[in-house]
Amino acid sequence: MICLIQIRCDGERPACETCYFAGVTCTFTARPIPQNKSLREQLSEAKARIRELEELVASQGSQPSLAHSSPDDRQSSIGLPDFRALPPCVCRSLPSLPDTSDFDVAVERFRWHLACSGLLLTSSPQTEVFLATVQRQTGSPFDFENFISRVAQSYKSQYPATYPKVVSPKWPKNELIQRSIKYFSDENLYSIFPVVEPHTLPDIFNQYLSSSTDPRTRTAVTACLVSLTALITKMFGHQPIFADADPDAYVQASLTLLPQIITDPDNLRTLESLLLLALYIAPTGHPRSAQLLLAAAARILYNFEGHKCLPSNRQKNHEHLRALFWAFYGMDKETSVRCCQPPIMHDADCDLQLPSKYVRISSDTQFLPGELSPQVLLYPADLRLAMLKSKIYQLLYSENAQAQPESRRLERIRQLDQELNDLKTSFPASFRPDPRTGHPPGCKLHTLSVRGMSVHFDYYHCFRMIHEAGIACSMSGSNRNPLASSVELYYHASRSMLLHYIRTEDLIQPPTFW
């Protein structure tokens, strides 16, 4: 007698050795099959099984309307995997991002960012100046490893039972997607995150529900709506209407669709999905993951000619494509200058004319909270500072820039410093950041909007990057002595960033790693 084993994991009790070593639990049933069953009988059983499957498919095709079905019925009918039915070992192997709310993960990310800036390279000019500056200000040498060890000991003594959060993918219910769409539209959030046009969302949601939607289109639509729901519920999770949301799980679910949507590069929903995922992931301390998403989005933008003001294809939604381009541009230049790596798109290949609806540079609107208008585009931070970041990388940190003679590099530093100062003086007087005092004169920081806070952070970051290059430049020669002015300005910019963070800490969302 031969025994065929059918294994079904239910997470209740241990059973077979296979699941034991996989770290999961299961139950199993055995079905005896006579050894002398003929080939004809086996073939007959196989045909019967095929007929059963064909009848099952036919019955699914005649299901009642989605509008009258439950959320779970809709989920299965649009072809989404039911993660609840998967064994734990499968869920754990699905795409996942390290949880930076865990202390050890956060320290590892912190080390990576410091290494990008050269501060963990003992031979770098930045490290020498950094250590010398700390000793001059505190009166004692700085030991980074000892510092991290003491911080870890202090943290873990206060929070001894913290563990990394394990997030399993989950699809949001349709009712939550509708709430997110309504909130995005009613609050005019397109002004900050111009990724999906509000007037198209009802039609996109209908495509998501319709059984007649093409499978490829439905997958891209699903990724778009789930990613939008994750972003909205993450940023506005304090709202009672989103109290039951699990945005991290929704992002994990959306990531499982990436292999399918990136094979459809001419779909606008695919482009929007990639940018939404990058917007969600980049602030969590994972810029390299965000860069991979942006790299895929760049090719779609090129295909749609979103990088041009006057495309040859004359698409009706080109204004939206230009808004998408600038959302992409801001993230691309931010990750480029932070990681000291080449950007995905180069300025020479793009039209950099700002959107016609972009906020006026002299307006208080970009610094103060208030009702958003569909007639004004703000973006999460100032696009002009994004363009300056692009210049900072190209003129000071690229391979070509590093090969320039010292005189040429110092000239570029003075040029960029002047450009940054000109940009600052065009801001309203009470909102001009000051790297020497760490706060704008006359500005009450608690009245700043999140965007206003971001503009100041970006200003201090650009200021620091410019004068850090001056330190590296002056120490690259034979004298190995940094310019005193560069060191002083670098110190003030770094100090101002920390002070600005302390003063505006209540405005910073928990997932914002940096």
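Residues numbered from 1 in each chain as written. Predicted model: local features only at pLDDT ≥ 70, side-chain atom pairs only at ≥ 80, totals over all residues. Heavy atoms only, no water.

What follows covers the overall build of the protein. Regarding its fold elements, the protein presents 20 helices and two strands. Here the protein holds 514 residues, and 46% of them are scored as buried. Restricting the contact set of the protein to residue pairs at least 6 apart, pairs at least 24 apart contribute 68%. Total accessible area on the protein stands at roughly 26,800 Å², and carbon and sulfur atoms take up 55% of it. (Helix = DSSP H or I, 4+ residues; strand = E, 2+ residues; numbered from the N terminus. Buried < 20%, exposed > 50% of the residue type's maximum accessible area, 1.4 Å probe, protein only. Contact = heavy atoms within 4.5 Å. Areas by Shrake-Rupley, 256 points an atom, 1.4 Å probe, with all protein chains shown as cover.)

Quick look at the nonpolar core now. Leu225, Leu271 and Leu275 are the most contacted members of the largest nonpolar core, which has 74 residues in total. Discounting residues that sit within four places of it in the chain, Leu275 has contacts with Val195, Leu294, Ala297, Leu324, Phe328 and Met331. Leu423, Phe457, Ala469 and Ala493 belong to the second largest nonpolar core, which has 32 residues in total. (Core = buried A, V, L, I, M, F, W, Y, C linked by side-chain atoms within 4.5 Å.)

Counted according to the given criterion, the structure contains 16 aromatic pairs. Arranged with centres 6.2 Å apart and planes meeting at 35°, the rings of Phe110 and Phe144 form a pair that is tilted. Note that Phe110 is positioned in helix α5 (residues 103-117) and Phe144 in helix α7 (residues 144-158), a separation of 34 residues in sequence. Judged by relative accessible area, Phe110 falls into the partly exposed class, the value being 36%. Residue Phe144 is classed as buried on the basis of its relative accessible area, which comes to 15%. Ring geometry for Tyr183 versus Phe242: centroids 5.5 Å apart, planes at 75°, classification edge-to-face. (Phe/Tyr/Trp six-rings, centres within 6.5 Å; stacked < 30°, edge-to-face > 60°.)

Checked against the element boundaries, Glu305 lands in the loop between α14 (287-304) and α15 (318-339). Look at Glu305 and you get buried, because its relative accessible area is 12%. Those residues within four positions of Glu305 in sequence are excluded, and the remaining contacts are Pro311, Ser312, Asn313 and His318.

A pair can form between side chains of opposite charge whenever their charged atoms are brought close. Enumeration according to the criterion identifies 21 salt bridges in this entry. Across the pair Lys156 and Asp104 runs a salt bridge, and its minimum N-O distance is 3.0 Å. Remark: Asp104 occurs in helix α5 and Lys156 occurs in helix α7; sequence separation between them is 52 residues. Classification of Asp104 as partly exposed rests on a relative accessible area of 45%. One network of salt bridges, with partners in common, ties together Glu334, Arg338, Lys389 and Asp458. (Salt bridge = Lys/Arg side-chain N within 4 Å of Asp/Glu carboxyl O.)

Two numbers describe a pair of packed helices, the interaxial angle and the distance between the axes. Between helix α8 (residues 174-186) and helix α9 (residues 201-209), the shortest axis-to-axis distance is 11 Å and the interhelical angle comes to 170°. The angle between α8 and α9 falls in the class roughly antiparallel. The two elements α8 and α9 cross, and the hand of that crossing is right-handed. Across from Asn174, Ile177, Gln178, Ile181, Phe184 and Ser185 in α8, the residues of α9 making contact are Leu201, Phe205, Tyr208 and Leu209. Of the residues belonging to the contact of α8 with α9, the class tally is seven nonpolar, three polar and no charged. (Axes fitted to C-alpha atoms, helices over the stretch in contact; angles between N-to-C directions. Parallel < 35°, antiparallel > 145°, perpendicular 65-115°, else oblique. Left-handed = near helix turned anticlockwise from the far one by under 90°. Nonpolar A, V, L, I, M, F, W, Y, C, P; charged D, E, K, R; others polar.)

To continue, consider the side chain of Asp264. Note that Asp264 resides in the loop between α12 (258-261) and α13 (268-281). Contact partners of Asp264, with chain neighbours within four places excluded, come to Arg216 and Thr270.

What follows concerns the packing of helix α16 (residues 383-397) against helix α19 (residues 450-474). Here α16 crosses α19 at 15°, and the two axes come no closer than 11 Å. Taken as axis vectors, α16 and α19 run roughly parallel relative to one another. In this structure, the crossing between α16 and α19 has a hand that is left-handed. Residue-level inspection shows Leu385, Leu388, Lys389, Ile392, Leu396 and Tyr397 of α16 in contact with α19, the latter providing Val455, Asp458, Tyr459, Cys462, Met465, Ile466, Glu468 and Ala469. Looking at the contact of α16 with α19, its residues break down into eleven nonpolar, no polar and three charged.

Moving on, we come to α8. In this model α8 runs 18 Å from its N-terminal to its C-terminal C-alpha over 13 residues, within 8% of the 18 Å that 1.5 Å per residue would give. When we look at burial in α8, the residues that qualify are Asn174, Leu176, Ile177, Arg179, Ser180, Ile181, Tyr183 and Phe184. Asn188 occupies a position one or two residues after α8 and carries a positive phi of about 55°. (Expected span 1.5 Å × (residues − 1).)

Time to look at unusual backbone geometry. Positive phi, close to 55°, is recorded for Asn188, a residue that is not glycine. You can see Asn188 is positioned in the loop between α8 and α9. The partly exposed category is assigned to Asn188, whose relative accessible area is 22%.

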